[in-house]
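# Overview (structure and organization)
The chain contents come next:
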Amino acid sequence: MQVPGDVQVACVSEDPDQATTTPPVTTLSLRPDRVGAEAVDLLIAVINARGGVARRRLVPPVLPPRRSSG
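Residues numbered from 1 in each chain as written. Predicted model: local features only at pLDDT ≥ 70, side-chain atom pairs only at ≥ 80, totals over all residues. Heavy atoms only, no water.

## Some points on the overall build of the protein chain
Stated precisely, the cut-off is as follows: Per the convention used, a helix needs a DSSP run of H or I reaching at least four residues, while a strand needs a run of E reaching at least two, with both numbered from the N terminus. With the radius of gyration taken over C-alpha atoms, the globule rule is written as 2.2 Å times the number of residues to the power 0.38. Each residue gets one of three labels from its accessible area relative to the maximum for its type: buried under 20%, exposed over 50%, partly exposed in between, using a 1.4 Å probe on protein chains only. We call two residues contacting when some pair of their heavy atoms lies within 4.5 Å.
Across its full length, the protein chain carries one helix and two strands. Moving toward the C terminus, one meets the helices and strands of the protein chain in the order β-β-α. What you see for the protein chain is a C-alpha radius of gyration of 18 Å, clearly larger than the 11 Å of a compact globule of 70 residues, by over 25%. C-alpha extents for the protein chain along the principal axes are approximately 55 × 20 × 10 Å. Buried residues in the protein chain amount to 16% of all 70 residues. Considering only contacts within the protein chain whose residues lie at least 6 apart along the sequence, 49% involve residues at least 24 apart.

## Side note on the side chain of Ser29
Put simply, the rule reads: By the criterion applied in these results, polar contacts are pairs of N or O atoms within 3.5 Å in which, for protein atoms, one can donate a hydrogen and the other can accept it, and in which residues neighboring in sequence qualify only through two side-chain atoms.
Summarising the element assignment, Ser29 is placed in the loop between strand E2 (26–28) and helix H1 (32–47). By relative accessible area, which is 16% here, Ser29 ends up buried. Within polar-contact distance, the side chain of Ser29 engages the side chain of Glu14 at 2.8 Å. When near neighbours in sequence (up to four residues on either side) are disregarded, Ser29 contacts Ser13, Glu14, Pro61 and Val62.

## Some details on H1
Stated formally: Helices are assigned an expected span. That span is 1.5 Å times one less than the residue count.
Its 16 residues give H1 an end-to-end C-alpha distance of 22 Å, which sits within 8% of 22 Å, the value for a rise of 1.5 Å per residue. Residue Ala49 follows H1 closely and has a positive phi angle near 55°.

## What about the pattern of salt bridges?
Note the cut-off: The salt bridge definition used is simple: a Lys or Arg side-chain nitrogen within 4 Å of an Asp or Glu carboxyl oxygen.
Under the criterion given, the structure shown has three salt bridges. We note a salt bridge from Arg34 to Glu38, for which the minimum N-O separation is 2.6 Å. Linking Arg34 with Glu38, this pair stays in helix H1, spanning four residues, or about one helical turn. For Glu38, the salt bridge identified is with Arg57, shortest N-O distance 2.6 Å. Linking Glu38 in helix H1 with Arg57 in the segment after H1, this pair joins segments that are 19 residues apart in sequence. One connected set of salt bridges, linked through shared partners, spans Arg34, Glu38, Asp41 and Arg57.

## Focus: the side chain of Gln18
As for its position among the elements, Gln18 is in the loop between strand E1 (10–12) and E2. When near neighbours in sequence (up to four residues on either side) are disregarded, Gln18 contacts Cys11, Ser13, Pro24, Val25, Thr27 and Arg66.

Here is the structure:
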């Protein structure tokens, strides 16, 4: 697949194969592994009635730019 120079492509995906396409696709990762780890940590804190635990967590997404977007 050829992507013209005036078209930029990006997607939201956890598929590592996006880096091996032609051209490699810029892919936003929402980091489900980190989201899951934060959820488990929060659940354990609630079960153990730990005080002072932040109930709002922010897991920043990761955007590795690749050739499909510039």
